[in-house]
Protein chains: 2
Amino acid sequence: MSRRNTDVSDQFSEHACALAEVVDRVSGKWAIGVLVAAAAGPIRFTELERTVEGISRRMLTLTLRNLERDGLLIRTVYPTVPPKVEYELTDVARELHESLAGLTAWAERHRTTIAEARRAYDAKTAG
Amino acid sequence: MSRRNTDVSDQFSEHACALAEVVDRVSGKWAIGVLVAAAAGPIRFTELERTVEGISRRMLTLTLRNLERDGLLIRTVYPTVPPKVEYELTDVARELHESLAGLTAWAERHRTTIAEARRAYDAKTAG
DNA sequence: CTGCATCCCTATGGATACTG
DNA sequence: CAGTATCCATAGGGATGCAG
């Protein structure tokens, strides 16, 4: 057993903090959806609204603003009529998207395991 | 430019969905903190309360229950007096913790970049 | 088409007193 | 020590009408 009260604290400050930041950035129900939808190339507001299923106009706007603010999305306005706005991932966001691949793999590997764990837990809790 | 309306939809269903699941599981302010704190080995309730700074007793309990429910934490009760309960990561959770490394790296690489982007955005918005 | 403003409801989370 | 129960504040998010 390792001496946890001392050496863990350091790891904690470093790891957990940085991790919490990135998760915060990608949390909320919609950020990921938008990120993935935009990963394939520039995409318009309405296209996003259709692609990210279930998102409301308001939440789409808010999510886009936040991602733009963090430098993950580039917003390009074409002053045409009717107006046209395209959103595109920045390089930083692309890196993020790639880093997320590991997580996706994990999720797919253990999806059923987790569902099963949940079922078991709920059954045990209810009974 | 690729045909987005057709081929993106598939990627979307697969990627975004799995990703959203895992992020949901790790979202909330505390799950990550607890996960990281428990990564170094079995840890007791009170130790967690001290290690995960700022967490309330209530939220610690809720977070622990959720992680246990998803099969990410093992809860072991030692029927001693005073009571002693230890929480330990499951193998699945360890895998998750490792997958998270890529994200941590990303966060640390771009932490300042993002902070800067934010500053710039806010300045532009305010002005 | 893009997106802001408003209203309103619910989930999340903090504080804290109490129990086995 | 390890929780549970309760109360309360706030933030997240849905619906929708209005505007450039």
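Refer to the structure above for everything that follows.
What comes next concerns the included structure. Worth saying up front: this structure is predicted, and the values here are computed from it rather than measured. (Residues numbered from 1 in each chain as written. Chains lettered and ligands numbered in written order. Predicted model: local features only at pLDDT ≥ 70, side-chain atom pairs only at ≥ 80, totals over all residues. Heavy atoms only, no water.)

## A look at the overall build of chain A
Thought 1: Scanning chain A from N- to C-terminus turns up 5 helices and 3 strands.
Thought 2: Written out in order from the N terminus, the α and β elements of chain A read α-α-β-α-α-β-β-α.
Thought 3: Within chain A, counting contacts between residues at least 6 apart in sequence, those at least 24 apart form 43% of the total.
Thought 4: Surface accessibility of chain A: about 7,000 Å² in total, with carbon and sulfur atoms responsible for 53%. (Helix = DSSP H or I, 4+ residues; strand = E, 2+ residues; numbered from the N terminus. Contact = heavy atoms within 4.5 Å. Areas by Shrake-Rupley, 256 points an atom, 1.4 Å probe, with all protein chains shown as cover.)

## Section: the protein's contact with DNA strand C
Thought 1: Thr 46, Thr 61, Arg 75 and Tyr 87 of chain A together with Arg 58 of chain B are the nearest of the 19 residues found near DNA strand C.
Thought 2: One nitrogen or oxygen atom from the side chain of Arg 44 of chain A is found 2.9 Å from a sugar or linking oxygen belonging to DNA strand C.
Thought 3: Arg 58 of chain B has a polar side-chain atom sitting 2.4 Å from a base nitrogen of DNA strand C.
Thought 4: Broken down by secondary-structure element, the contributors of at least two residues to the surface near DNA strand C are helix H3 (45–51), helix H4 (57–69) and strand S3 (84–89) of chain A together with helix H4 (57–69) of chain B. (Near = heavy atom within 4 Å. Polar contact = N/O pair within 3.5 Å; in protein donor to acceptor, adjacent residues only side chain to side chain.)

## What about the packing of helix H2 (residues 31–38) of chain A against H4 of chain A?
Residues and elements named next belong to chain A.
Thought 1: The interhelical angle for the contact between H2 and H4, taken along N-to-C directions, is 75°, at an axis separation of 10 Å. In this view, H2 runs roughly perpendicular relative to H4, as classed from their interaxial angle. Contacts between H2 and H4 involve Ala 31, Val 34 and Leu 35 on the former and, on the latter, Leu 60, Thr 63, Leu 64 and Leu 67. (Axes fitted to C-alpha atoms, helices over the stretch in contact; angles between N-to-C directions. Parallel < 35°, antiparallel > 145°, perpendicular 65-115°, else oblique.)

## Here we look at unusual backbone geometry
Thought 1: Here the residue pair Val 81 of chain A and Pro 82 of chain A is connected by a cis peptide bond, since its omega of 10° sits within 30 degrees of zero.
Thought 2: By secondary structure assignment, the location of Pro 82 of chain A is in the loop between strand S2 (73–78) and S3.

## Quick look at the protein's contact with DNA strand D
Thought 1: Among the 20 residues in the neighbourhood of DNA strand D, the closest are listed as Arg 58 of chain A together with Thr 46, Thr 61, Arg 75 and Tyr 87 of chain B.
Thought 2: Near-protein atoms of DNA strand D (within 4 Å) split between backbone and bases, with sugar and phosphate holding 61%.
Thought 3: For DNA strand D, a phosphate oxygen lies 3.2 Å from a polar atom in the backbone of Lys 29 of chain A.
Thought 4: Between a phosphate oxygen of DNA strand D and a side-chain N or O atom of Tyr 87 of chain B, the distance comes to 2.6 Å.
Thought 5: Of all the secondary-structure elements, those providing two or more residues to the surface near DNA strand D are H4 of chain A together with helix H3 (45–51), H4 and strand S3 (84–89) of chain B.

## A short note on H4 of chain B
All names here are of chain B.
Thought 1: With 13 residues, H4 should reach 18 Å at 1.5 Å per residue; the first-to-last C-alpha distance of 18 Å fits that figure.
Thought 2: Buried within H4 are the following residues: Leu 60, Thr 63, Leu 64, Leu 67 and Glu 68. Along the axis of H4, the buried positions cluster into a sector of 130°, meaning they face one direction only.
Thought 3: Downstream of H4 by one or two residues, Gly 71 has phi in the positive range, about 75°. (Expected span 1.5 Å × (residues − 1). Buried < 20%, exposed > 50% of the residue type's maximum accessible area, 1.4 Å probe, protein only. Arc of directions from axis to C-beta.)

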